[in-house]
Amino acid sequence: MLRFLFQILSQLVLGAIALLVVHLTLPDVALSLSGFFVALGVFTLAHIILGPFVQSVAQRYAAPLVGGVGIVATLLAVWIATWFPGGIQIHGVASWILAPLIIWIITALGGWIVMGLIVDRRLKQRAARKLLGGEK
C-alpha cells in the first residue's frame, strides 16, 4: 500500500514536470494555470488506470509490443486530458507526436529513478529494520 501511494505521488510530481516541459518547449501546446491542474489530475488518473489495461491487452494480443505499453498509455492519457475544457490543448501532428513522447520519457525515467532507486531501497531498509526488531 505504501509503495502504491509513493507511486501515485511520484506520478503526480513527474507528470507536473513533464507537462511544464511540454508546455515550455512545444509552441503548439497550450496550458493555462487552471488547465495545468486539470490536465495533471486527468493525466495521472488516466495513466494509472490505462497503464495496466494497455499492458494486459498487449500481453494477450501482441506480446512483442509489451515494451511500448508506456508510450501508448501516455498517448491515451494525454488525449483524454485534452477532452476537458480549460485543460491542455495540443495542435499539430508534430506536437501530438512529441508531447506524449516527452511526457513518457520524463515519467518513465523519473519513475524508474524515484521508484526503483529511492523508494524501493527505502522500503527494503524499513522492512529489514522491522524484521530485526528495530521498528514497530
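Residues numbered from 1 in each chain as written. Predicted model: local features only at pLDDT ≥ 70, side-chain atom pairs only at ≥ 80, totals over all residues. Heavy atoms only, no water.

Draft legend 1. Fine view of the nonpolar core. The biggest cluster of nonpolar side chains holds 22 residues, and the ones touching the most others in it are Leu19, Ile88 and Ile103. Elements represented by at least two residues in this core include exactly α1 (2-25), α2 (33-61), α3 (69-81) and α4 (93-131). In terms of residue count, α2 provides more of this core than any other element does, seven residues in total. Aside from chain neighbours lying at most four places away, what touches Ile88 is Leu19, Val29, Ala30, Leu31, Gly35, Ala39, Ala81 and Thr82. (Core = buried A, V, L, I, M, F, W, Y, C linked by side-chain atoms within 4.5 Å. Buried < 20%, exposed > 50% of the residue type's maximum accessible area, 1.4 Å probe, protein only. Helix = DSSP H or I, 4+ residues; strand = E, 2+ residues; numbered from the N terminus. Contact = heavy atoms within 4.5 Å.)

Draft legend 2. Layout of the side chain of Gln11. Tracing the chain through its elements places Gln11 in helix α1. When near neighbours in sequence (up to four residues on either side) are disregarded, Gln11 contacts Phe43, Thr44, His47 and Thr107.

Draft legend 3. View of α3. The terminal C-alpha atoms of α3 lie 18 Å apart, and with 13 residues this matches the ideal 18 Å at 1.5 Å per residue to within 8%. Buried residues of α3: Val69, Ala73, Thr74, Ala77, Val78, Ile80 and Ala81, and no others. Down the axis of α3, the sector holding all buried residues measures 160°, keeping them to one side. (Expected span 1.5 Å × (residues − 1). Arc of directions from axis to C-beta.)

Such coordinate-based values are descriptive only and should not be taken to indicate function.
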